[in-house]
Amino acid sequence: MSVGIPIRPLWPEPSTLPLDDAALTALYGRADRPRLRVNFVASLDGAVTLDGYSAGLSGEPDKRVFGLLRMLCDALVVAAGTLRHEGYRAVRLDPRRRAWRREHGLAEYPTLVVVSGSLDLDPTQAAFADAPVRPIVLTHAGAEPPPGLTDVADVLRCGTDRVDLTAGLAELHRRGLAQLLCEGGPQLFGALTAADLVDELCLTVAPLLAGPGPGRITAGDAAPPRQLPLRHVLAADDGVLMLRHARG
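1. So, the overall build of the chain
Okay, step 1: Scanning the chain for helices and strands turns up eight helices and 10 strands.
Okay, step 2: Its C-alpha atoms give the chain a radius of gyration of 18 Å, near enough to 18 Å, the size a compact globule of 248 residues would have.
Okay, step 3: Seen through its C-alpha atoms, the chain measures out along the principal axes to roughly 55 × 45 × 35 Å.
Okay, step 4: Among the 248 residues that make up the chain, the fraction classed as buried is 48%.
Okay, step 5: A total of about 11800 Å² of accessible surface is found on the chain, and carbon and sulfur atoms cover 55% of it.
Okay, step 6: For the chain, the separation between the mean place of its 26 positive charges and that of its 29 negative charges on side chains is 3 Å.

So this is what it looks like as structure tokens:
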């Protein structure tokens with residue numbers, strides 16, 4: 001897709017004028033209290049991947065909002081499986097977005113937080129080895145880190161035999177990481193939902209049918225349904241819809 005595809009507001013205040021980055025930043029914003037925001041892209045029929053990867057569903061408008069959400073957060077939370085499968089690199093921002101963070105009293109880069117029950121992690125992966133800010137790994141008391149992991153990341157143990165996400169997020173808040181952005185994967189999203197920790201979902205809907213096979217954006221054990229009211233709908237000129245649902 002070409003760069004510069006316009007994004008326009010559809011609801012609650014429709015407009016034919018495209019949104020610039022300042023307007024998009026104001027729409028998504030930062031909260032005045034701790035918040036966990038989840039960001040996903042899915043096909044019309046609910047697939048979370050295309051040909052095995054989420055990148056196949058994401059076009060220029062989605063990547064634009066994706067970058068803005070990273071700019072706005074204090075920490076980027078991701079499951080170890082997603083980190084490995086999607087080949088995460090170091091979390092870096094361009095000079096313009098780093099300047100925005102400095103102007104708003106934030107660290108130049110968000111902190112990468114990896115959730116892992118097994119600690120099956122490669123310390124030489126660029127997400128760790130090339131990180132501009134020392135990453136954090138949330139795990140539990142029974143997990144043994146591989147050689148070299150504690151050289152490149154802080155390992156926080158929350159829980160006895162599985163990761164206690166409630167305790168883990170509380171520890172991140174204690175460290176000043178209040179605005180959290182989770183990029184998946186589905187198992188982590190399901191666990192966060194079950195623990196009633198999700199405050200917001202930003203969902204990009206790609207205008208295509210992926211067909212049977214790929215999983216949904218959430219997975220794991222059954223949990224009670226959670227109400228998450230719609231806050232805005234944006235539409236890109238390539239047919240992509242961007243939905244933002246959030247608690248009051």
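2. Some points on helix α1 (residues 21-28)
Okay, step 1: Those residues of α1 lying buried are Asp21, Leu24, Thr25 and Tyr28. Projected down its long axis, α1 shows its buried positions confined to an angular sector of 100°, all on one face. Away from the buried face of α1 by more than 90 degrees, exposed residues Ala22 and Ala26 are located.
Okay, step 2: Phi turns positive one or two residues past the end of α1, at glycine 29, with a value near 55°.

3. A look at the environment of glycine 211
Okay, step 1: Mapped onto the secondary structure, glycine 211 falls in the loop between β8 (200-206) and β9 (230-236).
Okay, step 2: In this structure glycine 211 comes out as partly exposed when scored by relative accessible area, which is 30%.
Okay, step 3: Separated by 161 residues in the primary sequence, glycine 211 and leucine 50 have C-alpha atoms spaced 9.4 Å apart.

4. Thoughts on a nonpolar patch on the surface
Okay, step 1: On the surface, a cluster of nonpolar side chains totalling about 330 Å² of accessible area is made up of Leu10, Trp11, Leu230 and Leu241.
Okay, step 2: Within the secondary structure, leucine 230 sits in strand β9.
Okay, step 3: Judged by relative accessible area, which is 31%, leucine 230 ranks as partly exposed.

5. Things to note about the nonpolar core
Soluble globular proteins: nonpolar side chains tend toward being buried together.
Okay, step 1: Among the nonpolar cores identified, the biggest contains 35 residues, and Ile7, Tyr28, Leu83, Leu112, Val114, Leu121 and Phe128 are the most heavily contacted of them.
Okay, step 2: Per element, the largest residue contribution to this core is five residues, and it comes from helix α2 (residues 60-72).
Okay, step 3: Setting aside anything within four residues of it in sequence, one finds isoleucine 7 in contact with Leu17, Pro18, Leu19, Leu24, Pro61, Arg64, Val65, Leu234, Ala235, Ala236 and Met242.
Okay, step 4: Residues Phe40, Val77, Leu138 and Leu197 belong to the second largest nonpolar core, which totals 30 residues.

6. Concerning the packing of α1 against α2
Okay, step 1: At a minimum axis separation of 10 Å, α1 and α2 run at an interaxial angle of 60°. In terms of axis orientation, α1 runs oblique to α2. By crossing handedness, the relation of α1 to α2 is classed as right-handed. For the pair formed by α1 and α2, the contact residues are Asp21, Leu24, Thr25 and Tyr28 on the first element and Arg64, Val65, Leu68, Leu69, Met71 and Leu72 on the second.
Okay, step 2: For the contact of α1 with α2, the residue count by class is seven nonpolar, one polar and two charged.

7. Some remarks on the pattern of salt bridges
Okay, step 1: Following the criterion strictly, the structure yields 20 salt bridges and no others.
Okay, step 2: A salt bridge links arginine 226 to aspartate 196; the nearest nitrogen and oxygen atoms lie 3.9 Å apart. With arginine 226 in the loop between β8 and β9 and aspartate 196 in the loop between α8 (186-194) and β8, the pair connects residues that are 30 residues apart, well separated along the chain.
Okay, step 3: Owing to a relative accessible area of 35%, aspartate 196 belongs among the partly exposed residues under this scheme.
Okay, step 4: A single salt-bridge network, built from bridges that share partners, covers Arg134, Asp154, Glu171, Arg174 and Arg175.

About the cut-offs
- Residues numbered from 1 in each chain as written.
- Predicted model: local features only at pLDDT ≥ 70, side-chain atom pairs only at ≥ 80, totals over all residues.
- Heavy atoms only, no water.
- Helix = DSSP H or I, 4+ residues; strand = E, 2+ residues; numbered from the N terminus.
- Rg over C-alpha atoms; globule rule 2.2 N^0.38 Å.
- Buried < 20%, exposed > 50% of the residue type's maximum accessible area, 1.4 Å probe, protein only.
- Areas by Shrake-Rupley, 256 points an atom, 1.4 Å probe, with all protein chains shown as cover.
- Lys, Arg positive; Asp, Glu negative; His and termini not counted.
- Charge placed at Lys NZ, Arg CZ, Asp CG, Glu CD.
- Arc of directions from axis to C-beta.
- Patch = residues over 30% accessible without salt bridge, like charges linked within 9 Å, V, L, I, M, F, W, Y side chains within 5 Å.
- Salt bridge = Lys/Arg side-chain N within 4 Å of Asp/Glu carboxyl O.
- Core = buried A, V, L, I, M, F, W, Y, C linked by side-chain atoms within 4.5 Å.
- Contact = heavy atoms within 4.5 Å.
- Axes fitted to C-alpha atoms, helices over the stretch in contact; angles between N-to-C directions.
- Parallel < 35°, antiparallel > 145°, perpendicular 65-115°, else oblique.
- Left-handed = near helix turned anticlockwise from the far one by under 90°.
- Nonpolar A, V, L, I, M, F, W, Y, C, P; charged D, E, K, R; others polar.

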